[in-house]
Amino acid sequence: MRKIMEEQFQFNEGFANEGFAPLLQVDDLCKKYPGSGGYMAVYHMSFAIPRGRIIGLLGPNGCGKSTLIKMINGLLAPSSGRILVNGFMPGAETKRIISYLPERTYFDNNMKVSSAINYFADFYADFSAERAYDMLGRLGVNINARFKTLSKGTKEKVQLILVMSRDADLYILDEPIAGVDPAARDYILHTIISNYNRRASILLSTHLITDVENVLDDVIFMKNGSLMLYMPAEQIRSQMGKTIDAYFREVYVC
Amino acid sequence: MLGRLMKHEWKGMLAPLVIMACLLLGITVFTCTVIINMNTELDEIIENFSTAVSMMTFLLYYAGIVGCVIGITMVIAVRFYKTCYTDQGYLTHTLPVSAKQLLTAKTVTAALSYLIIILLVYISVFVTLSTFIAQAFDEDWDFLLNSFVAVLRDSLGLHNAYPLFIIYWSCCIIVSLICSVIGLMGAISLGQLYTKHRVAGAVIAYLAIRIVRRFFTQVVILLGYQIFDRFTHASWDSTAIHGSEYWRSVIASANFSAQIMLFTIVLISAAIAAGLLFASYNMMTKRLNLE
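What you are looking at is a predicted structure, and each value in this text was computed from that prediction instead of being measured. (Residues numbered from 1 in each chain as written. Chains lettered and ligands numbered in written order. Predicted model: local features only at pLDDT ≥ 70, side-chain atom pairs only at ≥ 80, totals over all residues. Heavy atoms only, no water.)

1. Quick word on the environment of Ala200(B)
All names here are of chain B.
In step 1: Looking at where alanine 200 falls in the secondary structure, it is placed in helix α7 (residues 198-232).
In step 2: Alanine 200 gets classed as partly exposed once you look at its relative accessible area, which sits at 40%.
In step 3: Linking alanine 200 and isoleucine 188, residues twelve residues apart in sequence, is a C-alpha distance of 9.5 Å. (Helix = DSSP H or I, 4+ residues; strand = E, 2+ residues; numbered from the N terminus. Buried < 20%, exposed > 50% of the residue type's maximum accessible area, 1.4 Å probe, protein only.)

2. Some details on a nonpolar patch on the surface
All names here are of chain B.
In step 1: A cluster of nonpolar side chains, Tyr62, Val66, Ile70, Met74 and Val78, forms an exposed patch at the surface whose accessible area comes to about 470 Å².
In step 2: Inspection of the secondary structure assignment puts methionine 74 in helix α2 (residues 44-85).
In step 3: Note on methionine 74: relative accessible area 48%, which makes it partly exposed. (Patch = residues over 30% accessible without salt bridge, like charges linked within 9 Å, V, L, I, M, F, W, Y side chains within 5 Å. Areas by Shrake-Rupley, 256 points an atom, 1.4 Å probe, with all protein chains shown as cover. Salt bridge = Lys/Arg side-chain N within 4 Å of Asp/Glu carboxyl O.)

3. A word on the sheet that holds strand β9 (residues 226-232) of chain A
Hydrogen bonding along the main chain pairs the strands of a sheet, whether they run parallel or antiparallel.
All names here are of chain A.
In step 1: Pairing is mixed across the open sheet formed by six strands, whose spatial order is β5-β6-β7-β3-β8-β9. Strands at the two margins of the open sheet, each flanked by one partner only, are β5 (98-101) and β9. If you compare each strand with its neighbour and ignore which way they point, the axes differ by 15° on average.
In step 2: The sheet contact formed by strand β6 (residues 170-174) and strand β7 (residues 201-206) spans five bridges and is parallel. Within β7, the residue paired with leucine 173 across the bridge is leucine 204.
In step 3: Against the sheet, helix α6 (residues 152-164) engages β5 and β6, with an angle of about 170° to β5. (Pairing = 2+ DSSP bridges. Axes fitted to C-alpha atoms, helices over the stretch in contact; angles between N-to-C directions. Contact = heavy atoms within 4.5 Å.)

4. Regarding the interface of chain A and chain B
In step 1: On the chain B side, the residues contacting the 21 residues of chain A number 23 residues.
In step 2: The junction of chain A with chain B conceals about 2,300 Å² of combined surface from both sides, 59% of it contributed by carbon and sulfur atoms.
In step 3: Our count for the contact surface shared by chain A and chain B stands at two salt bridges.
In step 4: Arg104(A) serves as the salt-bridge partner of Asp87(B), at 2.9 Å between the closest nitrogen and oxygen. (Buried area = accessible area lost by both parts, 1.4 Å probe.)

5. With respect to the confidence of the model for chain B
In step 1: The share of residues in chain B with pLDDT of 70 or more is 84%, and the mean pLDDT across the chain is 84.
In step 2: Per-element confidence in chain B is highest for helix α3 (residues 89-92) of chain B, whose mean pLDDT is 94, and lowest for helix α5 (residues 141-156) of chain B, whose mean pLDDT is 69. (pLDDT = per-residue confidence, 0-100.)

6. Concerning helix α7 (residues 182-195) of chain A
All names here are of chain A.
In step 1: The terminal C-alpha atoms of α7, which comprises 14 residues, lie 20 Å apart, in line with the 20 Å expected from a rise of 1.5 Å per residue.
In step 2: Of the positions making up α7, those classed as buried are Ala184, Arg185, Ile188, Leu189, Thr191, Ile192 and Asn195. When α7 is viewed along its axis, its buried side chains cluster within an angular range of 155° and face the same direction. For α7, the exposed residues set more than 90 degrees away from the buried face come down to Pro182, Ala183, Asp186 and His190.
In step 3: If you follow the buried residues of α7, they end up packed against α5 (129-139), α6, β6, β7 and α8 (209-212). (Expected span 1.5 Å × (residues − 1). Arc of directions from axis to C-beta.)

7. Re the side chain of Lys70(A)
In step 1: In this structure, Lys70(A) sits in helix α2 (residues 65-72).
In step 2: A polar atom in the side chain of Lys70(A) sits 2.8 Å from the backbone oxygen of Leu290(B). (Polar contact = N/O pair within 3.5 Å; in protein donor to acceptor, adjacent residues only side chain to side chain.)

8. Looking at the environment of Ile76(B)
Residues and elements named next belong to chain B.
In step 1: Relative to the elements of secondary structure, isoleucine 76 occurs in helix α2.
In step 2: Exposure remark for isoleucine 76: the relative accessible area of 3% places this residue in the buried category.
In step 3: Sequence separation between isoleucine 76 and lysine 106 is 30 residues, and the spatial gap between their C-alpha atoms is 8.9 Å.
In step 4: Residues contacting isoleucine 76, with those up to four places away along its chain left out, are Met13, Ala110, Tyr114 and Leu184.

9. Structural notes on helix α1 (residues 2-36) of chain B
Working note: α-helix, 3.6 residues per turn, so residues spaced by three or four point in the same direction.
In step 1: Spanning 35 residues, α1(B) covers 48 Å between terminal C-alpha atoms, matching the ideal 51 Å at 1.5 Å per step.
In step 2: Bending of α1(B) peaks at approximately 35° at the position of Leu14(B), with proline Pro16(B) no more than four residues after it. (Bend = angle between axes of the 7 residues up to and from the residue.)

10. Quick look at the packing of aromatic side chains
Residue and element names in this part refer to chain A.
In step 1: The tally for this structure, following the rule as stated, stands at twelve aromatic pairs over all chains.
In step 2: These aromatic residues form a ring-pair network of at least three members: Tyr106, Phe107, Phe120, Tyr124, Phe127 and Phe147.
In step 3: The ring of tyrosine 187 is capped by lysine 157, whose NZ or CZ atom sits 5.9 Å from the centre of that ring.
In step 4: The positively charged end of arginine 166 is found above the aromatic ring belonging to tyrosine 124, 3.8 Å away from the centroid. (Phe/Tyr/Trp six-rings, centres within 6.5 Å; stacked < 30°, edge-to-face > 60°. Lys NZ or Arg CZ within 6 Å of the ring centre and 35° of its normal.)

11. Here we look at the sheet that holds strand β4 (residues 80-85) of chain A
Residue and element names in this part refer to chain A.
In step 1: If you walk across this open sheet you meet the three strands as β2-β1-β4, and the pairing is antiparallel. Both outer strands of the open sheet, β2 (42-49) and β4, are each paired with one neighbouring strand and no more. Going across the sheet, the axis of each strand differs from the next one's by a mean of 10°, ignoring polarity.
In step 2: Two elements, strand β1 (residues 24-31) and β4, share five bridges in a ladder whose sense is antiparallel. By the bridge assignment, glutamine 25 is partnered in β4 with leucine 84.

Here's what the structure looks like:
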C-alpha cells in the first residue's frame, strides 16, 4: 500500500514537472456545510487533472464526490482551498469550457426537447445541434415531445446527449449510469466514449465500477472527504493483480 | 449573454402572461356587457334579478383583477425559485454567465411582466368604470375623459405640469415595481438559508421584509403630515371655499407633502431592494447549496 501511495504521489507530481498547466487543479480544498458541526464533506484535497484522460472519481455514497463536483462547477463555494480550471477560478469563464451532467434532471417538464437544444445552442458556443439531433434521432426521441412525456431513463439520455454534444474541455459526469438498466448503461457509456473531444478530459463519478472500469485511464478513490488514491487504472491492475472493482471492494470493505 | 438570458426568461413568462391577459380581457368584456344590459326600468322581479347579476359580476370582476395581480406575483416567485434553487438550478447556475447577469435578466423580465399586467389592469378598470358611468349617467366618452382630467388637475393643483407629473409618477411606479420584484427574489433567496424548510423560510422572509417596509413607510407618512401642518400653519378647514386662495394653498401644501412622502417611500423601497439584491447575489455566489 505504501508503495502505491508513493507512486501515486509521483503520478500527481508528474503533471507539474512536465511543465504544462493542468486542465483542473485542486489545491488543499475543504468544504464544511453550514450547520454540520465540525464535519468536513471535503477535507484538504489536492490533485491535478491533465488533458486527454478519462478519470473515474470513485468512492462510496457520502464520501464527498458530489460536493467536490459541485465546487468544481461553481455550484458550491469552498470553505478553503482553491480550484483552477484551465487557470481560472470557477465562474462564467470556466462554465464555458465545462460540460456538466448532474445527478438530477434539470429541464422544465413543460419544455420541448427541441427547445432544450435551442437553449444549449444559445448559451454554449461549442454546442453542436447537428450532433444532438443525430444522436436523438438514433435514439428515436421525438424532438417535439415535452420532457414530461418522457420516461426518467429517456430524460437522462437526452440530457447526456446534450452534454456530450458540446466540444468542451472538461466533461464532468456525476453518476451518469446510476439507476438505469444494463442496456441503457451500455448506451450511455458508448455515447460518452464516442462523442467526447479527444483533447478534453472526462471526470466520471460513479460507484458502479464494473461497468466503467474498462474505459478509465485513471482512478481517484475518495474516502470520508479525502483523496485516498489517484493513479492510472492500468497500474492498479498490474500491481494489485486485480480489477479496480475488486480493489475498490477491498479498500471500502464494510 | 444578457440578451439571451432575457430571451429565455421572456419565453418562460409569456404563457402565463397571455393567460392572464386573456382572463382580464374576458372579465372586462363580460362585466361591460352586463353593465350595458343592466335594465332598471323593468318590473320589480327583473330589476332585482338584474341587480343581483350585476353585483355578482362586479364581485367576479374584482376577484379577477386581484387574481391577476396575485397571479403574476406567484408566477414570478415560483419561476425564480424553480430556476434558481431547485433541480433546474443545476442548469441555470452552470450557464456561462455571471450571477449579476442572471439577476439582471430575471429582474428586468419580471418587472416588465409586472408592468404589463398592471397596465392591463388600469386599462380594464378605466374601460369598465367609463362604461358604467356612461351607462348610468348617459354621457359620452370625451366628456368623461375631460371631466376626469379636470378633477385630476384641480385636486392635484397641476395646472400645466402634466408631462412632468406623468414622467414623475411613471418613474415612481417603475422603480416601485423593480423594488417589489427584487424584494420577492430577495425573500426567496433568504429563504434558502433555512435548508430544511426553504419555501417556509422564503414566506417568513417575505413577511419580514413587508413589515420592515411598512414600518418605514408609516414613519414617513407621519413625518409627511408634520410637514403638511408646518406649511399650512393650520389644520384643514372643512369650510374652506373651493377655489379660494386658502383652498389653493392647502392643496399646494398637501401635494408638496405627498410628493415628498412618495419620493421618500420610493427611496426607502430602493434602499431595501439594494440590500436584498446584494442578499440574492451573495446567495448565488457564496451560499448556493442545491439539493
